[in-house]
Amino acid sequence: MSVHHHRIRFAEHLDLGPGANPGPSLDLNRPWSPTPAGLHLVCASGRAVQLDLPAGWLSLWLPLQGPLRLEAADSAWDLGPGHLQVWRDGRVRSGARSPCWWLCLCGPEAAWKPHLAGAPQPLGSELFPWEGVAPRDARRLLVRLARLGARPAELAVSGPTLLRTLAELLREEQRELLERLARCSGRTLRRRQQTLLRLLRVQHLIRRHPDVRLDLGRLARSASYSPCHLIRIYRDVFDETPTEYAARLRSDRAWRMVRDTRMPVCEITEALGFESQSAFCRAFKNSFGVTATQARRAEAARGRAA
């Protein structure tokens, strides 16, 4: 399976959708041609660089320097340098407001299948949407693939092994997530995978709107479930409801903001979407057993002792 390399720089736009010209839009001398089959490795650098990927594609995004902005149909978020995003939920567009150097390995699911084959059952051979610190070996493999772009003969020999190793690393990183497939509803593996994809779409919406109390109806519509069914099936798979997950994320963020910043409590209250400062203080003490002031004093004391 071939890997097509693309390099885009300052203010260039690459669209890999069906019928699009797979070349930077500012290259006026490049002849038009349809997007070739296979996987695509995009190496991007500079400001205002855009990449558009169609629905039905699996993509790996890795910013190496500077934050990368990603936009989907119902959310937009920043991916920090050294973090990896696995995406396969509809169209996605990248952008960078500040200078950024990043890689994206992407392609239709059919192009990924040869590299995902051989995975043990009953987990299947899928990669699911995921975000986290890029495993060191996965980062090295993506960088190596990018460097091989100028050496097609060497890429043809070692590329399949590198891609298969990369897929195995990412599946191992997702092992805990994959093990939840057995909890998903559905008589077949494919149905259970579709259920997990729907629930991960809900998780993504909650995670990307930390300062907004998302309406349960909107979350349910994003997964094509009724609110009651979403609550039940989400709890079955993740041992908590979507509301409890959102509250846990907000508590974790509150602790980090109190412990690691000097933001006034009133600003933290506003940033986290609490209706009042007193409501934030009550919630903080209920979650951690101390007030925000006590938590900051304890952290300062630890810092002095160190």
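Residues numbered from 1 in each chain as written. Predicted model: local features only at pLDDT ≥ 70, side-chain atom pairs only at ≥ 80, totals over all residues. Heavy atoms only, no water.

Q: Just to check I follow, could you spell out the side chain of Thr195 for this structure?
A: Tracing the sequence through the fold places Thr195 in helix H5 (residues 189–207). When sequence neighbours within four positions are dropped, the list of residues in contact with Thr195 reads Cys184, Ser185, Tyr225 and Ile233. (Helix = DSSP H or I, 4+ residues; strand = E, 2+ residues; numbered from the N terminus. Contact = heavy atoms within 4.5 Å.)

Q: Sorry, what's going on with the environment of Gln85 here?
A: The residue Gln85 is located in strand S8 (residues 83–87) in this model. Taking relative accessible area as the criterion, Gln85 reaches 2% and is therefore assigned buried. When the C-alpha positions of Gln85 and Phe274 are compared, they lie 29 Å apart, and in sequence the two are 189 residues distant. Those residues in contact with Gln85 that sit more than four places away from it in its chain are Ser59, Leu60, Trp61, Leu70, Trp77, Leu79, Trp130, Glu131 and Arg208. Of the polar contacts made by the side chain of Gln85, one reaches the side chain of Trp77; its length is 3.0 Å. (Buried < 20%, exposed > 50% of the residue type's maximum accessible area, 1.4 Å probe, protein only. Polar contact = N/O pair within 3.5 Å; in protein donor to acceptor, adjacent residues only side chain to side chain.)

Q: Would you explain the pattern of salt bridges in this entry?
A: Side chains that carry opposite charge are capable of pairing whenever their charged atoms lie near each other. Applying the stated criterion across every chain, the model contains 15 salt bridges. Arg259 is paired through a salt bridge with Asp260; the nearest N and O atoms lie 2.8 Å apart. Residue Arg259 is classed as partly exposed on the basis of its relative accessible area of 33%. One salt-bridge network, in which partners are shared between bridges, spans Arg88, Glu109, Glu126 and Arg190. (Salt bridge = Lys/Arg side-chain N within 4 Å of Asp/Glu carboxyl O.)

Q: Explain the packing of H5 against helix H7 (residues 227–238) here, please?
A: Geometrically, a packed helix pair is captured by the angle between its two axes and the distance between the axes. It is the contact of H5 with H7, at a shortest axis distance of 11 Å, that shows an interaxial angle of 100 degrees. Put simply, H5 runs roughly perpendicular to H7. Contact with H5, carried on its side by Thr195, Leu196, Leu199, Leu200, Val202 and Gln203, involves Leu230, Ile233, Tyr234, Val237 and Phe238 of H7 and no other residues of that element. Looking at the contact of H5 with H7 residue by residue, the class counts come to nine nonpolar, two polar and no charged. (Axes fitted to C-alpha atoms, helices over the stretch in contact; angles between N-to-C directions. Parallel < 35°, antiparallel > 145°, perpendicular 65-115°, else oblique. Nonpolar A, V, L, I, M, F, W, Y, C, P; charged D, E, K, R; others polar.)

Q: Even after reading the chapter, I still don't get the pairing of strand S10 (residues 100–108), so can you show me in this structure?
A: Walk down a regular strand and you will see the side chains alternate between the two sheet faces. Counting buried residues in S10 gives seven out of nine residues, a clear majority hidden from the surface. Sheet topology note: the strand S3 (residues 39–46)/S10 ladder contains seven bridges and is antiparallel. In the strand pairing of S10, Ser45 is matched with Trp101. Pairing of strand S5 (residues 57–65) with S10, which is carried by eight bridges, proceeds in the antiparallel orientation. In the sheet register, Ser59 faces S10, and the bridge partner there is Cys106. (Pairing = 2+ DSSP bridges.)

Q: What is the right way to read the nonpolar core from this model?
A: It is characteristic of soluble globular proteins that their nonpolar side chains tend to be buried jointly. Among the nonpolar cores identified, the biggest contains 31 residues, and Leu60, Leu84, Leu105 and Leu166 are the most heavily contacted of them. Discounting chain neighbours no more than four positions away, the residues touching Leu84 are Leu60, Trp61, Leu62, Leu79, Trp130, Glu131, Gly132, Ala134, Pro135, Leu142 and Leu170. Core analysis: the next-biggest nonpolar cluster, separate from the first, contains 23 residues, Leu177, Leu197, Val202 and Tyr225 among them. (Core = buried A, V, L, I, M, F, W, Y, C linked by side-chain atoms within 4.5 Å.)

Q: I keep staring at unusual backbone geometry and nothing clicks. Help me out?
A: Leaving glycine aside, a negative phi is the common case for residues, and trans is the common case for peptide bonds. A positive phi angle, near 65 degrees, is found at Ala11, a position not held by glycine. Of note in this structure, Ser224 is not a glycine but carries a positive phi near 60 degrees. Among the secondary structure elements, Ser224 is positioned in the loop between helix H6 (216–222) and H7. On the accessibility criterion, Ser224 (54% relative accessible area) is exposed.

Q: Looking at this structure, I do not really get helix H2 (residues 136–147). What am I missing?
A: One turn of an α-helix holds 3.6 residues; hence residues three or four places apart share an orientation. Taking 1.5 Å of rise per residue, the 12 residues of H2 would be expected to cover 16 Å, and the 17 Å separating its terminal C-alpha atoms lies within 8% of that figure. Listed in full, the buried residues belonging to H2 are Ala138, Leu141, Leu142, Val143, Leu145 and Ala146. Looking at the packing, one finds that the buried side of H2 touches strand S1 (3–8), S3, S5, S8, S10 and helix H3 (152–173). (Expected span 1.5 Å × (residues − 1).)

Q: I tried to follow the domain arrangement of the protein on my own but got confused; where do I start?
A: By a frequent convention, interface size equals the accessible area lost on bringing the separate parts together. Split by domain assignment, the protein resolves into domain 1 (25–183) and domain 2 (190–303). Taking only C-alpha atoms into account, the centre of domain 1 sits 28 Å from that of domain 2. Across the contact, 20 residues belong to domain 1 and 16 residues belong to domain 2. With both chains or domains summed, domain 1 and domain 2 bury close to 1,700 Å², and 54% of this area falls on carbon and sulfur atoms. Between the two partners, domain 1 and domain 2, sit five salt bridges. A salt bridge links Glu131 to Arg208, with the shortest nitrogen-to-oxygen separation between them at 2.0 Å. Secondary structure elements with two or more residues in the side of domain 1 that touches domain 2: strand S7 (76–79) and S8. Taken together, the residues that form the side of domain 1 that touches domain 2 break down as seven nonpolar, four polar and nine charged. (Domains from an automatic or database assignment. Buried area = accessible area lost by both parts, 1.4 Å probe.)

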